[in-house]
Amino acid sequence: MKPLFHDLDDIQNRLLAWWGGPAPVREVWDPLTQLIYSIQSSRTKDAESHASLRTLRERFNGWPTGPNTWDEVRWEQLRDATIPEIEDALKLSTFPEKKAVQLKETLQRITERTGALSLAFLAKYRTDKIRRWIEELPGAGSKASAAVVNFSSLRRKAIAIDAHHQRIAIRLGVARASATPREVETALTALAPANWTAITMDDHHTLVKKLGQSLCTLRVAHCGKCPLRDICITGSSHTARTLEFPK
Ligand code: SF4
């Protein structure tokens, strides 16, 4: 499939102009905190996901609500909590009963594999090795591994493909309709300019996600208002200003 644009700079520049500037600077966490966030945030709105992470921190760290520093957060108490305790702390997230099990199993597995509950050692690995290591954990696929390497203090190159990014990449014509998140990431990475840094990729993720939350949603695409219309295979092949996508 051949997209209608040369590289991701074309997408990035249009979205930056459309939103009037870059995404807010991300609060960067250590890799383990980012992994915990990624597992519990699946299919959950950002505000609820952040609230759930704060609840986990307060309940299982004895951490006050006060200054928002994550530097010394330890997660042993979360690992050792019961499933109902974790589930209760995750009640703002979707599927808390499933995520509570995944979180506990993940933290136990990290401890079994390394003898400690930390992912700081990953910093000395190559990016592909880090991603394979993360994806062997329960509940962690390519999106979670990309988020850990790209969003956390590891700050390596990767593009995290959430549901918004997946949908928009397919509508743009970057990937076929049945593409997996990993295939979408591979196709997008091939279109990323060589000078893109980990932070540029993070910004790209955030800008596309914002488009997916506003103009290009699951059910409706407001192509008439979209800054990507003339380089989008879906938008440019219809004359209607708004497209509806039935269930
Ligand atoms: S042109 Fe339409 S389908 Fe394409 S990205 Fe924009 S809103 Fe989505």
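Calculation criteria
- Residues numbered from 1 in each chain as written.
- Predicted model: local features only at pLDDT ≥ 70, side-chain atom pairs only at ≥ 80, totals over all residues.
- Helix = DSSP H or I, 4+ residues; strand = E, 2+ residues; numbered from the N terminus.
- Expected span 1.5 Å × (residues − 1).
- Buried ≥ 20, exposed ≤ 12 C-beta atoms within 10 Å, placed from the backbone.
- Arc of directions from axis to C-beta.
- Near = placed C-beta within 6 Å.
- Nonpolar A, V, L, I, M, F, W, Y, C, P; charged D, E, K, R; others polar.
- Axes fitted to C-alpha atoms, helices over the stretch in contact; angles between N-to-C directions.
- Parallel < 35°, antiparallel > 145°, perpendicular 65-115°, else oblique.
- Left-handed = near helix turned anticlockwise from the far one by under 90°.
- Contact = placed C-beta atoms within 7 Å.

1. Here we look at helix H1 (residues 8–19)
In this model, H1 (12 residues) spans 16 Å end to end at C-alpha, consistent with the 16 Å of a helix rising 1.5 Å per residue. For H1, the complete set of buried residues consists of Leu8, Ile11, Gln12 and Leu15. Take H1 and look down its axis: the buried residues cluster within an arc of 95 degrees, on one side only. H1 presents Asn13 and Ala17 as exposed residues on the side facing more than 90 degrees away from its buried surface.

2. Considerations on the site of the ligand
Around the ligand, the surrounding shell holds 14 residues, and the nearest of these are Cys216, Cys223, Cys226, Cys232 and Gly235. Per element, the largest residue contribution to the shell around the ligand is three residues, and it comes from helix H9 (residues 163–172). Of the residues contributing to the shell around the ligand, the split by class is nine nonpolar, three polar and two charged.

3. A short note on the packing of helix H2 (residues 31–41) against helix H3 (residues 46–61)
At their nearest, the axes of H2 and H3 sit 10 Å apart, and the two run at 125 degrees to each other. As the angle between them shows, H2 and H3 are arranged oblique. When the axes of H2 and H3 are compared, the crossing they make is right-handed. Here H2 contributes Ile36, Tyr37, Gln40 and Ser41 to the contact with H3, which in turn contributes Ser49, Ser52, Leu53 and Leu56. Here the contact of H2 with H3 is composed, by residue class, of four nonpolar, four polar and no charged.

Structural measurements only, silent on function.
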